Amino acid sequence: PTITLTVTNDTDAPMVLGAATIPYGQWVNEPATIVPAHTTEVVTAGSADRRGFGMQVTYTMPGEATAVLMASNHGTGIANADGTRIDGANRHAYTAAAQVDAGFPFMNVTYTIGRGSS
């Protein structure tokens, strides 16, 4: 199985990679260290585990906010982005939207990080 994340930074600030975790897989196309403002990046991971796998990628945002992007691609359930959110003291300044376009075994999910209310 694979997970392809399309991450769009629809803000005026860069997103800086905080962490990228795949407990039961490996990167095919690793997350960039910085996702500049108003750009899109494509990240891909794969796993040899035929049952599927999950992953989490976090980006820090200005003003003490963190975009947490989650993906779960398991054959025993519906592929989802449950848990995707903005954390931190300035979390209300940003929004995180996720849309799963294709599920197991070849999951595609699109994330859009935007401006919220300050």
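For the structure, see preceding data.
All figures in this text were calculated on a predicted structure; none of them were measured in a lab. (Residues numbered from 1 in each chain as written. Predicted model: local features only at pLDDT ≥ 70, side-chain atom pairs only at ≥ 80, totals over all residues. Heavy atoms only, no water.)

Draft legend 1. Up close: the side chain of N73. Topologically, N73 is positioned in strand β7 (residues 65-74). Judged by relative accessible area, N73 falls into the buried class, the value being 0%. Separated by 3.3 Å, the side chain of N73 and the backbone nitrogen of F104 make a polar contact. (Helix = DSSP H or I, 4+ residues; strand = E, 2+ residues; numbered from the N terminus. Buried < 20%, exposed > 50% of the residue type's maximum accessible area, 1.4 Å probe, protein only. Polar contact = N/O pair within 3.5 Å; in protein donor to acceptor, adjacent residues only side chain to side chain.)

Draft legend 2. Layout of the side chain of S47. With respect to the secondary-structure elements, S47 resides in the loop between β5 (39-46) and β6 (52-61). In this structure the side chain of S47 is engaged in a polar contact, spanning 2.5 Å, whose partner is the backbone oxygen of Y24. Not counting chain neighbours up to four residues away, the residues in contact with S47 comprise P1, Y24, G25, Q26 and F53. (Contact = heavy atoms within 4.5 Å.)

Draft legend 3. Summary view of the pairing of strand β10 (residues 106-115). Here nine bridges tie strand β1 (residues 2-10) to β10, and the two strands are oriented parallel to one another. Bridge pairing in β10 links T2 to F106. When strand β9 (residues 94-102) meets β10, the two strands line up antiparallel, connected through eight bridges. Across the sheet, residue A98 finds its bridge partner in β10, namely Y111. In textbook terms, the turn of a hairpin is the stretch between consecutive antiparallel strands, and for β9 and β10 this stretch comprises three residues. (Pairing = 2+ DSSP bridges.)

Draft legend 4. Spatial organisation of the sheet that holds strand β4 (residues 34-35). Taken in spatial order, the five strands line up as β4-β2-β6-β7-β8 in an open sheet, and their pairing is antiparallel. Among the strands making up the open sheet, the edge pair consists of β4 and β8 (85-87). Across ten bridges, the pairing between β6 and β7 is antiparallel. Looking at β7, one finds that F53 is bridged to N73.

Draft legend 5. Representation of unusual backbone geometry in the model. Cis geometry is found at the peptide bond from F104 to P105, where omega equals 5 degrees. Along the chain, P105 falls in the loop between β9 and β10. A positive phi angle, near 60 degrees, is found at H38, a position not held by glycine. As for its placement among the helices and strands, H38 is situated in the loop between β4 and β5.

Draft legend 6. Local environment of the nonpolar core. Membership of the largest hydrophobic core comes to 26 residues, with the highest contact counts inside it found for L5, M55, Y59 and Y111. Of all the elements in the fold, those that place two or more residues in this core are β1, β5, β6, β7 and β10. If one sorts the elements of this core by residue count, β6 sits on top with five residues. (Core = buried A, V, L, I, M, F, W, Y, C linked by side-chain atoms within 4.5 Å.)

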